[in-house]
Amino acid sequence: MTFGKRTETMILVFCTLSLTVLGLLMIYSATNVMAGSSARFGHDPAYFFKRQIFFLTLGISLAVFLSRVDYDFYRRHIRLLLVGTFLVLMLVFVPGINHTANGASRWIDLRLIFFQPSEMAKFVLLLYAAYAIDRKGENPREGLKAFLPMLLLMGIFVAVILKEPDFGMAVVITISFFVVIFLAGFPWKLLVGMAVAVALAAVTLVVSTPYRLARFKAFMDPFSQAQTGGYQVLQSLIAFSNGGFLGVGIGGGKQKLFYLPEMHTDYIISVIGEELGFAGVALTGACFISIAWVGFRIARRARDPFGKYLAMGFSVVIGIQALMNMMVGLKMLPPKGMVLPFLSYGGSSLIMHLAAIGILMNVSRKGADAFVAENDRSRRRDWRARFPRDCSC
């Protein structure tokens, strides 16, 4: 089992580092012309690349630290984590502290970094879900009595995130939350009813908000709005079309040359598709699938239900966000302003996702230690049963 733990850790670390290194290469490739030609970035082609290395250093340091912090710490301090996260989340509405871009106030200005509190909130909410499920038991059958407190808290956080607005992150959190409590054994009839209610609410939000409705119409027929609402979608599809199976090579992409909007954040997968082709996109997807698979293996042998659902939640949310971002790039979902974990430029996303990997590694280590300790106790019991002290043979 110790070998199994090491294998899981190696796969987790290898896939995570592979994605982050690929992200560094793609960020430099996507931004060197833009940054080098702009006085705003000091005419430094490596501006975004250097910043991402700084974020990566912070993220890896935090991951190493959290991999050594017993995850039971989060259960003991879950209320403090929730209150602290909510207060930080509210700072995006405070003038002078918040940072606004593209009409959305999703960040707070920490001088060295524009921090996005919703990235932290999604993980803290899943920590709370694991805590609540652990308190109610692994297979809660109390229906609304067990479910409503979790739903209410999630609803409060999601409402604040929608106010920023950040519809994509709200969707990721909601889907991940429902998946985790489904895996925990909540009555499926209750979950179906609530899922229908949430879906109706999402449709209402889209229909009642002009820019969301316009974005959805452009997604449905981007060719009719090729220079307006459908521009992003079409430029992304052109990038994938240019890439073919093996791509045009790193640095050889053309869509990044002021054609593809947000190519280093929301549409980094399109840059990968053009420069590394279908093969590069497939390997990227394989890395995310491997991370999710390892996360569920870690959950299976966690030492307690809290660790089990914590590992499940983190694996689910990383997988869902990656899937949704890639589907947006491939015109399978409307644009949502969502980054690709580990690959897109941005300190908040990279640091928080690396922190989540560190916590997963701690759950793995503690689960393996508990398994080995239980095996040792079992062997000692078997030995005593075979050779009792009063044996007269």
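Here the structure is shown first, and the text comes after it.
Each value, and the rule that gives it
Residues numbered from 1 in each chain as written. Predicted model: local features only at pLDDT ≥ 70, side-chain atom pairs only at ≥ 80, totals over all residues. Heavy atoms only, no water. 1 Å grid on protein atoms, 1.4 Å probe; cavity = no way out; pocket = protein on both sides within 12 Å on 5 of 7 lines; lining within 4 Å. Points joined across faces, edges and corners; volume = space filled by probe spheres on them. Helix = DSSP H or I, 4+ residues; strand = E, 2+ residues; numbered from the N terminus. Expected span 1.5 Å × (residues − 1). Buried < 20%, exposed > 50% of the residue type's maximum accessible area, 1.4 Å probe, protein only. Contact = heavy atoms within 4.5 Å. Core = buried A, V, L, I, M, F, W, Y, C linked by side-chain atoms within 4.5 Å. Axes fitted to C-alpha atoms, helices over the stretch in contact; angles between N-to-C directions. Parallel < 35°, antiparallel > 145°, perpendicular 65-115°, else oblique. Pairing = 2+ DSSP bridges.

**Regarding the layout of surface pockets**
Here the second largest pocket is characterised by a volume of approximately 420 Å³. Contributing to the lining of the second largest pocket are 23 residues, with Leu66, Leu81, Met120, Val124 and Met352 lying nearest its centre.

**What to know about helix H10 (residues 231-243)**
Working note: α-helix, 3.6 residues per turn, so residues spaced by three or four point in the same direction. Along its 13 residues, H10 runs 19 Å from first to last C-alpha, staying within 8% of the 18 Å computed at 1.5 Å per residue. Residues Val233, Leu234, Gln235, Ser236, Ala239, Phe240 and Gly243 constitute the buried set of H10. Elements in contact with the buried residues of H10: helix H11 (268-300) and helix H12 (305-329). Gly244, located one to two residues past H10, shows a positive phi value of around 60 degrees.

**What about the nonpolar core?**
Counting 110 residues, the largest nonpolar core has Phe147, Ile181, Phe186, Leu310 and Phe314 as the members making the most contacts within it. The leading source of residues in this core is H12, at 14 residues. Beyond its immediate chain neighbours, meaning those up to four positions away, Ile181 contacts Ile133, Phe147, Met150, Phe186 and Leu191.

**Things to note about unusual backbone geometry**
Note that the residue after Glu164, namely Pro165, is joined by a cis bond; omega there is 0 degrees. Inspection of the secondary structure puts Pro165 in the loop between helix H6 (144-163) and helix H7 (167-183). Even without glycine at this site, Phe258 takes up a positive phi of about 70 degrees. Within the secondary structure, Phe258 is located in the loop between H10 and H11. For Phe258, a relative accessible area of 56% translates into the label exposed. One non-glycine residue, Glu262, adopts positive backbone phi at about 50 degrees. Position of Glu262 relative to the elements: it lies in the loop between H10 and H11.

**With respect to the environment of Ala46**
Turning to its location among the elements, Ala46 is positioned in the loop between helix H1 (2-36) and helix H2 (47-66). Note on Ala46: relative accessible area 15%, which makes it buried.

**Concerning the packing of H7 against helix H8 (residues 188-208)**
Closest axis-to-axis distance for the H7/H8 pair is 12 Å, and the angle between their directions is 175 degrees. With respect to their mutual orientation, H7 and H8 come out roughly antiparallel. Counting all contacts with H7, which are made through Phe167, Thr174, Phe178, Ile181 and Phe182, the residues of H8 involved are Leu191, Met194, Ala195, Val198, Ala202, Leu205 and Val206.

**What to know about the pairing of strand S2 (residues 104-109)**
If a strand is regular, its side chains alternate between the two faces of the sheet. Across the 6 residues of S2, 5 count as buried, placing the element largely inside the fold. Direction of pairing for strand S1 (residues 98-101) relative to S2: antiparallel, over a ladder of 3 bridges. Across the sheet, the residue bridging to Asn98 is Ile108, located in S2. Two successive antiparallel strands, S1 and S2, enclose a turn made up of 2 residues, where Asn102 displays a positive phi of approximately 55 degrees. In this structure, the hairpin formed by S2 and strand S3 (residues 114-115) is closed by a connection of 4 residues, where Arg111 is found at a positive phi of approximately 70 degrees.

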